[in-house]
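A closer look at the structure
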Amino acid sequence: MKIAFVGKGGSGKTTLSSLFIRHLAATGAPVIAVDADINQHLGPALGLDEGRAAELPALGERLPLIKEYLRGTNPRIASAAEMIKTTPPGEGSRLLRVREDNPVYEACARAVELDGDIVRLMVTGPFTDADLGVACYHSKTGAVELCLNHLVDGPGEYVVVDMTAGSDSFASGMFTRFDMTFLVAEPTRKGVSVYRQYKEYARDFGVVLKVVGNKVQGRDDLDFLRAEVGDDLVVTVGHSDWVRALEKGRPPRFALLEDVNRRALHQLRTAVDATYELRDAERYTRQMVHFHLKNAQSWGNERTGADLAAQIDPSFVLGESAVAATTATA
């Protein structure tokens, strides 16, 4: 199951995504955690000190390795250099599985221990001085999109992505790669404005969007969120002494998280698991093709655009092999 946490900057999406990751890991579920935000805070939220967090290998810096592995023997892709973030899998492509070991995980993922439970953590990497004035941050998140396009996952397996803030998620087709998108919203006009914008942009793509109300302090806050987002509100979270200790760098054992917040995390997992039956492999692959062609058409060089379009294998993307690839368990 692939889950995204989105919301405006400062809404608490990184904190909530880290709590959800801890909750899943505590149940023994296999989890891959991905920090795809320009502000790289997921590592520290999972208990890493600043030194260890800074040493995490950046996906964006290992893009050639990722492309070469995923390309496999796909005859439609002459070289790894020709792959872009939207390139779909085809005959001969390699797929990633949550529970396996492979060169991509070896190079880009690191094991993080959470009270005895282990999750794999991958990060896009921060915006560096070398990027200033010459690069867009979404070129880094392209590595995440490419991996998600080639990922096979099943029920009881989880990939949790802490996304970029606000509507930046729509700078690529990555927003369509998830079974569930949790939008973290504070009970304020600014908090719900991001929800309205996200819902409007995602309207025609079958995105399953639910709202997590954060920093909810009383009945008035709850009533406000219910009035603004309606049935999309799945749960609310208030003050947490456990989270406050985490933010000070002294997280207690996760078993000591407040019962009310533990129940909230359980509700989130229940909502995620319920989406498995809603999976539509044909729509998933159709959207993959749509955004790849859109990228091809946006290239100024017509020859290059045609080459990118030629990477699509219709017999794979639209046939039974695509359905198998996107629904099979590892």
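Right above here is the structure, for reference.
Thresholds applied
The written sequence of each chain sets the order in which its residues are numbered from 1. Where totals are concerned, whole chains, interfaces and linings use all residues; where local detail is concerned, this predicted model gives features only for residues with pLDDT of at least 70, and gives and counts side-chain atom pairs only at 80 or more. Each side-chain value is derived from all of the structure's non-hydrogen atoms; neither hydrogens nor water enter the calculation. Any pair of Phe, Tyr and Trp rings, taking the six-membered ring for Trp, is counted once the centres come within 6.5 Å. Such a pair is stacked with planes under 30 degrees apart, edge-to-face with planes over 60 apart, and tilted for the rest. Where helices and strands are cited, they refer to DSSP runs of H or I of at least four residues and of E of at least two residues respectively, numbered from the N terminus. Each residue is placed in one exposure class: buried if its accessible area under a 1.4 Å probe, protein chains only, is under 20% of its type's maximum, exposed if it is over 50%, and partly exposed if it falls in between. Paired strands, in this sense, are two strands between which DSSP finds at least two bridges. The convention used is that axes are lines fitted to C-alpha atoms, helices contributing only their stretch in contact, and that angles between N-to-C directions extend from 0 to 180 degrees. We call two residues in contact whenever any of their non-hydrogen atoms come within 4.5 Å of each other.

Some details on the packing of aromatic side chains
- Throughout the structure, instances matching the rule amount to seven aromatic pairs.
- For the pair W242 and F254, a centre-to-centre distance of 5.7 Å together with 85 degrees between the ring planes defines the contact as edge-to-face. In this pair, W242 sits in helix α9 (residues 241-247) while F254 sits in the loop between α9 and α10 (259-274), placing the two residues 12 residues apart along the sequence.
- A relative accessible area of 3% places W242 in the buried class.
- The class for F254 is buried, based on a relative accessible area of 6%.
- Taken together through their ring pairs, the aromatic side chains of F5, F20 and F182 make up a single cluster.

Description of the sheet that holds strand β8 (residues 180-185)
- Here we have eight strands laid out as an open sheet, ordered β4-β5-β2-β7-β1-β8-β9-β10, and mixed in their pairing. Two strands lie at the open edges of the sheet, namely β4 (110-114) and β10 (233-237), each paired on one side alone. Between one strand axis and the next, the sheet turns through 25 degrees on average, direction left out of account.
- By the bridge criterion, five bridges tie β4 to strand β5 (residues 117-123) in an arrangement that is antiparallel. Bridge pairing in β5 places R110 opposite L121.
- Seen against the sheet, helix α1 (residues 13-26) touches β1 (2-7), β2 (31-35), β4, β5, β7 (158-162), β8, β9 (209-214) and β10 and runs at an angle of roughly 165 degrees to β7.
- Of the strands in this sheet, β1, β7, β8, β9 and β10 touch α10, which is tilted by about 160 degrees from β10.

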